[in-house]
Structures are given as C-alpha cells and as structure tokens.
Amino acid sequence: MGELLRSEKVQWVWRGLNGVLFLCGLGAGALLVAEIGFSVTGSWVRAATAGLLLLFIGQELLRVGLVFSPWRYLRRRWLELALVCLAGVSLVLQEYIQRGMRVILPGMALEYVVLVYLAVTQSLVLGALLVRVVRYHAIIGRMEIHPGALLGGSFLLLSLLGVGLLLLPAATVDHINVVDALFTAVSAVCVTGLTVVDTATHFTWLGQVV
C-alpha cells in the first residue's frame with residue numbers, strides 16, 4: 001500500500017524516512033529496556049527521549065509535505081498522526097504532565113514518575129511503528145515463507161526474546177542463569193507451565209509479566 005508522492009524524485013527521501021522511523025523504533029525499544037530492565041532514568045535518557053520524539057515528529061510531518069494529496073494522507077493515517085500529536089504534546093508539556101502525575105499519585109517517588117512518563121512517550125513511538133507495520137500486512141502476506149519455517153522461526157524468536165527479557169536485572173529478585181532463563185522461556189512459549197525456579201518468589205513483577 002504505497003503512497004502517491006508529488007514527484008518520483010522524492011522517492012529516495014520517503015525511503016530515508018522509513019529508515020528514520022525504524023531507527024526511532026529501535027531507539028525507543030532500547031530506551032525502554034534501559035529504563036525498565038536496568039532502572040536507568042538519568043538526564044541522558046531524558047535528552048535521548050526528547051531527541052527521539054523530535055526526530056519521530058519531524059519525519060511524520062515531512063511525509064505530509066511529500067505526498068500528492070496531504071488531506072487524503074491525513075485521513076488514511078489518522079491513527080499514526082494522532083500518536084504524533086500526543087508525542088508532541090507530551091514533549092512540550094512534559095514538566096506539567098509530571099507535576100500532574102505527582103498530584104494524582106502523591107505517594108509515587110519522583111524517579112518513578114519520570115520512568116512512567118518516559119515509558120509512555122516511547123511507547124507512542126513504538127505504537128506508531130507497529131500501526132505502520134500492520135498496515136503493510138498485505139506485503140508481508142505475499143512473501144513466500146514455508147509454513148514450517150514460519151512456525152519454527154516464530155518459536156525461536158519468541159524464545160530468544162523471552163530469554164533476553166528474563167536476563168534483565170529488574171526481571172528477577174536474584175540473578176537467573178542463561179540455562180534456567182532459556183528453559184523458562186521455551187516452556188512459556190510451549191505453554192507447558194514448567195519452570196525450574198519459583199515464579200512467585202524468584203521473579204519480580206516484570207519477570208512475571210514476561
């Protein structure tokens with residue numbers, strides 16, 4: 001489902017914006033892992049999040065200027081653009097948003113307020129990327145992938161993702177070794193429910209969600 005651009009000469013710009021969006025998604029994912037998995041909320045994380053949001057908003061606005069019919073593009077991409085608007089509002093009003101969160105949740109420490117704010121803003125970027133991927137499901141569907149390879153690849157990717165998430169420091173009360181994490185992740189993907197550690201006591205809330 002390609003877009004009708006103003007000129008063929010800007011096709012390379014459009015492709016470059018797709019790459020920028022992909023990098024925004026990678027950056028948002030990496031920052032989320034750093035914040036939730038390693039409890040990192042330093043000033044550099046806030047600066048990186050602000051830069052990522054500006055890049056994300058800029059590439060989306062530039063797309064509107066490249067298409068032949070901006071109004072038609074806005075109507076078709078209303079969900080992504082709504083996420084862009086939310087990201088812009090969160091960037092401009094971040095101080096007021098964090099103050100409001102502290103008023104609503106007075107018992108929450110400042111570091112957790114910042115963590116929640118950063119996680120939500122980065123989730124907006126990931127959400128927009130996910131929506132765009134879903135819109136191109138027809139292209140993915142035309143790829144000739146053997147059902148067995150698709151099943152095996154999905155199983156492998158889910159298992160590796162589970163292992164990586166379970167190895168995060170914030171996922172366990174005490175450290176878990178790679179073998180135990182691998183067994184737990186594969187068991188979860190298989191829906192067998194087998195585990196070599198006590199889920200209730202060994203894993204934090206993050207680990208249990210994973």
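Since the structure is predicted, the reported quantities are computational estimates derived from the model, not experimental observations. (Residues numbered from 1 in each chain as written. Predicted model: local features only at pLDDT ≥ 70, side-chain atom pairs only at ≥ 80, totals over all residues. Heavy atoms only, no water.)

### Digging into the pattern of salt bridges
- Applying the stated criterion across every chain yields a total of one salt bridge.
- Here Glu80 ties to Arg77 by a salt bridge, and the two come within 3.1 Å at their closest N and O atoms. (Salt bridge = Lys/Arg side-chain N within 4 Å of Asp/Glu carboxyl O.)

### Some points on the packing of aromatic side chains
- Applying the stated criterion across every chain yields a total of one aromatic pair.
- The ring centre of Trp14 lies 4.8 Å from the NZ or CZ of Arg63, which sits over that ring.
- Residue placement shows Arg99 over the ring face of Tyr96; its charged tip is 5.5 Å from the ring centre. (Phe/Tyr/Trp six-rings, centres within 6.5 Å; stacked < 30°, edge-to-face > 60°. Lys NZ or Arg CZ within 6 Å of the ring centre and 35° of its normal.)

### A look at the nonpolar core
- If you look at the biggest cluster of nonpolar residues, it comprises 22 residues, and the most contacted ones within it are Leu52, Leu53, Phe56, Ile57, Ala87, Leu118 and Val125.
- Those elements that place two or more of their residues in this core are α1 (11-38), α2 (43-66), α4 (78-92) and α6 (110-135).
- Among the elements that line this core, the one with the most residues is α6, at eight residues.
- With nine residues, the next largest nonpolar core counts Leu5, Trp14, Leu17 and Val64 among its residues. (Core = buried A, V, L, I, M, F, W, Y, C linked by side-chain atoms within 4.5 Å. Buried < 20%, exposed > 50% of the residue type's maximum accessible area, 1.4 Å probe, protein only. Helix = DSSP H or I, 4+ residues; strand = E, 2+ residues; numbered from the N terminus.)

### Topic: α2
- Here α2 is 24 residues long and its end C-alpha atoms lie 35 Å apart, about the 34 Å a rise of 1.5 Å per residue gives.
- All of the buried residues along α2 are Val45, Thr49, Leu52, Leu53, Phe56, Ile57, Gln59, Glu60, Arg63, Val64 and Leu66. (Expected span 1.5 Å × (residues − 1).)

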